[in-house]
Amino acid sequence: MTNWGQEAQTRLHSIAQLSETAAGVTRYPFTPQHAAAIETITGWMEQAGMTVHLDAACTLVGRLDGPADAPTFLIGSHQDSVRSGGAYDGIMGVALGCLALQKLQQDGVTLPFAVEVLAFADEEGVRFPTALLGPRALAGSYDPAVLSMRDAQGVTLADALNGAGGNAAALPSLKRSGNEILGYLEAHIEQGPVLQAADAAVGIVSGICGIERNTIQITGTTGHAGTVPMDMRRDALVTAAHIIAQVNAAAIAATDIRATVGHITCAPNVVNAIPSDVTLTLEIRSENDALRQSFAANIEGFVQDLAQELETPARFTKTYEQAAVACDPDLAASLTQAAERLEIAAPVLVSGATHDASAMADLCPITMLFVRCKDGISHSPEEHTEDADMGQAIAVMAEFLKGL
């Protein structure tokens, strides 16, 4: 009997060597490391009986044909990484998809529909200031303007894509019809600690959080740290500190909100001067867009009231917004039932991170299977998932396909 989890671990360890850096995995899209990964993944797909091609967006597509005129079910994730990232983020979903089909083949199961495994080129958005080109092209939702974006070396996305075997001019031809697609499944490491805390190898994702980012600019008055009395100061950093504390307390008290102040700049930023200008970021995530928007409005109200009280004018500006994406309840139920038939506990949880699935939702119903990762660590060389957990994920994915 094949130890599918061990096989997944072996494959992921091998492909992790295709990295620009020795520490962790650095594999950007449209690079020599990406080309080498395509060759490796092609081998995985062929072992599962798939025919393989590279599409115009440099998505590697493995297809297992079904009966004539049968619809297609899609499985996918991404092969790229952040700088010095982990060996599982993204690429694990591609490996598990291939192995689930290989398991079904070994078990003598023939599916009544076609299956395609998709290895997307760029989900992380590290090399270029955009991402999700592959799934957005399939959904017909990509913005042609992104093709003129440049990386740190001045190379445009279009030139990088064309140089890697893609075809920027042919991207519109990739748009698929949702009528031909049964759905999309993405397996991914959780990138958080919830499954570990629940002692569960896998979990069913209910949806992908919406995201908004805001900039808060606070203006005070500088002065000598030793000569301006405390009760006469207009310290912008003190105002910022109150805001940060309120954001944290309000998010803890709220339901299904994750709020983070992740970046601060301070001027004059010297040891003996009162801060006069502070800018901070506020990112808010929630599976419920209305709740997220209400939370943002309440924080903005707090900021303005506090700014008036402390005489430090503040400006609150929304800089980015992305709507939440719900997973399809029928597909999620089928995934849950597959786990139950195998007597595998699979709690339901929300994804706080964005995935290729969020773009695929514009094409077809989506579902996601999370896999436990050690201590919730991701985007790090310390990222790790156990063989046994990946083995359970493969079993659930295969059982899910059988039950569709």
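1. Side note on the overall build of the protein chain
- Along the backbone of the protein chain there are eleven helices and 14 strands.
- The C-alpha radius of gyration computed for the protein chain amounts to 24 Å, which stays within 12% of the reference 22 Å derived for 404 residues, consistent with globular compactness.
- For the C-alpha atoms alone, the extent of the protein chain along its principal axes is close to 80 × 50 × 40 Å.
- Of all 404 residues assigned to the protein chain, the portion counted as buried reaches 51%.
- Intrachain contacts of the protein chain at a sequence separation of at least 6 include 78% that bridge at least 24 residues.
- Entry remark: accessible area of the protein chain is about 17,300 Å², with carbon and sulfur atoms responsible for 50%.
- In the protein chain, which carries 22 positive and 47 negative side-chain charges, the distance between the mean positions of the two groups comes to 3 Å.

2. Some details on unusual backbone geometry
- Residue Pro-268 is bonded to the preceding Ala-267 through a cis peptide linkage, with omega at 5 degrees.
- With respect to the helices and strands, the residue Pro-268 is situated in the loop between strand E9 (264-267) and strand E10 (277-286).
- The phi torsion at Asp-199 lies on the positive side, around 55 degrees, for a residue other than glycine.
- For Asp-199, a relative accessible area of 65% gives the class exposed.

3. With respect to helix H2 (residues 32-47)
- Relative to the 22 Å expected for 16 residues at 1.5 Å per residue, H2 spans 23 Å between its end C-alpha atoms, a close match to the ideal helical length.
- Considering only its buried residues, H2 is in contact with helix H1 (4-15), strand E1 (51-54), strand E2 (60-64), helix H3 (91-106) and strand E4 (114-120).
- A positive backbone phi angle near 85 degrees is found at Gly-49, which sits one or two residues after H2.

4. Focus on the packing of aromatic side chains
- Here the structure, examined in full by the defined rule, presents two aromatic pairs.
- Centre to centre, the rings of Phe-30 and Phe-128 are 6.5 Å apart; their planes meet at 50 degrees, and the pair counts as tilted. Remark: Phe-128 occurs in the loop between E4 and helix H4 (133-139) and Phe-30 occurs in the loop between H1 and H2; sequence separation between them is 98 residues.
- Summarising the aromatic geometry, the rings of Phe-73 and Phe-400 are spaced 5.6 Å apart at their centres and angled 65 degrees between planes, so their arrangement reads as edge-to-face. Residue Phe-73 is found in strand E3 (residues 72-78), and its partner Phe-400 is found in helix H11 (residues 387-403); the two are separated by 327 residues along the sequence.
- Overall, Phe-400 belongs to the buried group, its relative accessible area being 1%.

5. Remarks on the pattern of salt bridges
- Scanning the entire structure with this criterion turns up 17 salt bridges.
- Among the salt bridges present, the one from Glu-212 reaches Arg-292, with a minimum N-O distance of 2.9 Å. Of this pair, Glu-212 sits in strand E7 (residues 210-219) while Arg-292 is found in helix H8 (residues 289-310), placing the two residues 80 residues apart along the sequence.
- Using a relative accessible area of 1% as the deciding quantity, one classes Arg-292 as buried.
- Here Glu-321 makes a salt bridge to Lys-318, at a shortest N to O gap of 3.3 Å.
- Judged by relative accessible area, Lys-318 falls into the partly exposed class, the value being 42%.

6. Digging into the packing of H3 against H11
- One way to put it is that H3 packs onto H11 with a least axis distance of 9 Å and a crossing angle of 60 degrees. Accordingly, the angle class assigned to the pair H3 and H11 is oblique. Our pair here, H3 against H11, has a crossing hand that is right-handed. Here H3 contributes Met-92, Leu-96, Gly-97, Leu-99, Ala-100, Leu-101, Lys-103 and Leu-104 to the contact with H11, which in turn contributes Met-390, Ala-393, Ile-394, Met-397, Ala-398, Leu-401 and Lys-402.
- Tallied by class, residues from the contact of H3 with H11 come to twelve nonpolar, one polar and two charged.

7. Quick look at the nonpolar core
- Ranked by internal contacts, the top residues of the largest apolar core, which has 57 residues, are Ile-41, Leu-96, Leu-101, Leu-369 and Leu-401.
- Excluding residues within four positions of it along the chain, Leu-401 makes contact with Phe-73, Ile-75, Leu-101, Leu-104, Leu-111 and Phe-113.
- One finds Val-61, Leu-74, Ala-168 and Ile-366 within the second-largest nonpolar core, a separate group that totals 40 residues.

8. Observations concerning the state of the cysteines
- Summed over the entire model, instances satisfying the criterion amount to zero disulfides.
- Cys-209 forms no disulfide, and the closest cysteine sulfur to it belongs to Cys-327, at a distance of 11 Å.

9. Looking at the pairing of E1
- Taken together, the four bridges between E1 and E2 define a ladder with antiparallel strand orientation. The residue of E2 that forms the bridge with Leu-54 is Leu-60.
- Linking E1 to E2, which pair antiparallel, is a turn of five residues; within it Cys-58 sits at a positive phi near 65 degrees.

About the cut-offs
Residues numbered from 1 in each chain as written. Predicted model: local features only at pLDDT ≥ 70, side-chain atom pairs only at ≥ 80, totals over all residues. Heavy atoms only, no water. Helix = DSSP H or I, 4+ residues; strand = E, 2+ residues; numbered from the N terminus. Rg over C-alpha atoms; globule rule 2.2 N^0.38 Å. Buried < 20%, exposed > 50% of the residue type's maximum accessible area, 1.4 Å probe, protein only. Contact = heavy atoms within 4.5 Å. Areas by Shrake-Rupley, 256 points an atom, 1.4 Å probe, with all protein chains shown as cover. Lys, Arg positive; Asp, Glu negative; His and termini not counted. Charge placed at Lys NZ, Arg CZ, Asp CG, Glu CD. Expected span 1.5 Å × (residues − 1). Phe/Tyr/Trp six-rings, centres within 6.5 Å; stacked < 30°, edge-to-face > 60°. Salt bridge = Lys/Arg side-chain N within 4 Å of Asp/Glu carboxyl O. Axes fitted to C-alpha atoms, helices over the stretch in contact; angles between N-to-C directions. Parallel < 35°, antiparallel > 145°, perpendicular 65-115°, else oblique. Left-handed = near helix turned anticlockwise from the far one by under 90°. Nonpolar A, V, L, I, M, F, W, Y, C, P; charged D, E, K, R; others polar. Core = buried A, V, L, I, M, F, W, Y, C linked by side-chain atoms within 4.5 Å. Disulfide = S-S within 2.5 Å. Pairing = 2+ DSSP bridges.

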